Amino acid sequence: MARRSTPPGSQSSLREANRARLLDSLKRHGRLTQIELAGATGLSPATVSNIVKELTATGVLHTSFTSRSGRRATLVSLARQVGLVAGAHFSTRKLHVAIADATRSVVAETSLPLAPDHRHDAELDRLSLLLGDMVEGLGGSLSDLLAVGLALPAPVDPRTSVISTPGLLPGWDGVDIARSLSARIGRPVHVDSEANLGALAEAREGAARGASSSVYVTVGHSISAGLLVDGELFRGASGRTGQIGHMTIDENGGRCRCGNRGCLETVAAGPALLAGFSEADGIHRLRDLVTAAGDGVPAAQRTIADAGRHIGIAAASLCNLIDPERIVVGGELARAGEILLAPLRHALERAILGGGVPEIVASAFAEWAETRGAIALALDHVAVDADLVAFPA
């Protein structure tokens, strides 16, 4: 269905532009009061009030009442009936999937283990079936999904939806992943790296909300970072921005999976950390390592603390380049809390220039940050008009 066309410069054209600006703000921020909407859009409070009344009457928006600073305020969000979006995250060892409505409220979610050598064809087939089962469980069908966002543990070229650094995710190289999944489910699909989408989730509704610039560092079986500058993701020319896991820590160090030597991942990512333990230690997974550290096992605590120091040194180089206001640490190893964050913070303080250390905090969403970012990515690509018709963007 095509959009209605209006003469440029006309009064109705201005109204449509104002409505689009307001809807875009709600897609980005979820729920806002009318006063907050006026600030976010640059529209006058009276204009915002009129648009909200109009779109609430057509079923596009939902309003409720809240209290801000002791005063009653009208809280505005997209209406649930606008439609559903899905987010999926293929980490190195696990698949997370969630379905949310237009308010970003999750209505179904699940997670499954992945084989270490998983390939795109089998896993996209499995994701397609899983999405179908999940929406059927909600009483719908795949056609009810407006869009799907997908997070991958490798940098993705935003122009092609192809992994931009071959070899980091074997079995997925050279594939237009968005097109491949879209062909299976018949819905629009949008793909980005897990670090970028974790950063997006934390900036929109998590631990980096309110920061003008932030970095999200995910630490698990791989290490990477997502960068937000002035509230926008910085992807670089081919999506390779933020690959701090492949920053050289020791040029004479061990061989990394990327082919170089002495990368951060060779001393601070999951495989390197677990290699220091024998079968008798009972530490076979990162979850075991984090649990042991929390239980006071000295070897586990030292291993995680050493990883934190190495990550802090790499993060300092990143901070010296972009000067973020806040660093959010996520991924499986972030569950160790201050056992990881305290030495990371200390190493950063010693290595950063000028002494202006950014705030360092844990992810607000733990292992679901990347999935929530994938939901946000999907919703960003859904356009909603005043007649409650959604168009893939």
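Rules and cut-offs
- Residues numbered from 1 in each chain as written.
- Predicted model: local features only at pLDDT ≥ 70, side-chain atom pairs only at ≥ 80, totals over all residues.
- Heavy atoms only, no water.
- UniProt positions renumbered as here; feature names shortened; annotations may be inferred.
- 1 Å grid on protein atoms, 1.4 Å probe; cavity = no way out; pocket = protein on both sides within 12 Å on 5 of 7 lines; lining within 4 Å.
- Points joined across faces, edges and corners; volume = space filled by probe spheres on them.
- Helix = DSSP H or I, 4+ residues; strand = E, 2+ residues; numbered from the N terminus.
- Nonpolar A, V, L, I, M, F, W, Y, C, P; charged D, E, K, R; others polar.
- Pairing = 2+ DSSP bridges.
- Axes fitted to C-alpha atoms, helices over the stretch in contact; angles between N-to-C directions.
- Contact = heavy atoms within 4.5 Å.
- Phe/Tyr/Trp six-rings, centres within 6.5 Å; stacked < 30°, edge-to-face > 60°.
- Lys NZ or Arg CZ within 6 Å of the ring centre and 35° of its normal.

- In the annotation of an unreviewed UniProt entry, the entry for the chain reads ROK family transcriptional regulator, and the organism field reads Microbacterium aquilitoris.
- UniProt's Sequence similarities (unreviewed entry) comment on the chain is quoted here verbatim: "Belongs to the ROK (NagC/XylR) family."

## What about the layout of surface pockets?
Argument step 1. Size it by volume and the largest pocket reaches roughly 500 Å³.
Argument step 2. Considering the residues around the largest pocket, the lining is formed by 24 residues, among which Ser91, Arg93, Lys94, His221 and Glu332 are closest to the centre.
Argument step 3. At the level of secondary structure, the elements contributing two or more residues to the lining of the largest pocket comprise β5 (94-101), β11 (213-219), α8 (270-274) and α9 (286-294).
Argument step 4. When grouped by side-chain class, the residues that make up the lining of the largest pocket number six nonpolar, 10 polar and eight charged.

## Observations concerning the sheet that holds strand β4 (residues 84-90)
Argument step 1. Taken together, five strands build an open sheet; the order of strands is β6-β5-β4-β7-β10 and the sheet is mixed. Where the open sheet ends on each side, the last strands, each with one partner, are β6 (106-113) and β10 (189-193). Strand-to-strand, the axes of this sheet are offset by a mean angle of 15°, without reference to chain direction.
Argument step 2. Bridge analysis of β5 against β6 gives seven bridges, and the strand direction is antiparallel. By the bridge assignment for β6, leucine 95 is matched with leucine 112.
Argument step 3. Against the sheet, helix α4 (residues 120-137) makes contact with β4, β5, β6 and β7 (145-152), and its axis sits at roughly 35° relative to β5, the strand it touches most.
Argument step 4. Contacting β4, β5, β6, β7 and β10, helix α12 (residues 369-380) crosses the sheet at an angle of about 140° to β4.

## Looking at the packing of aromatic side chains
Argument step 1. According to the stated counting rule, one finds one aromatic pair in the structure shown.
Argument step 2. The ring of phenylalanine 65 is capped by arginine 72, whose NZ or CZ atom sits 3.8 Å from the centre of that ring.

## Quick notes on the sheet that holds strand β12 (residues 223-229)
Argument step 1. Read from one edge of the open sheet, five strands run β13-β12-β11-β14-β15, paired in mixed fashion. Taken across any chain shown, the strands that pair with only one partner, and hence form the sheet edges, are β13 (232-233) and β15 (359-362).
Argument step 2. Against the sheet, helix α6 (residues 194-205) touches β11, β12, β13 and β14 (326-330), its axis set at about 45° to β12.

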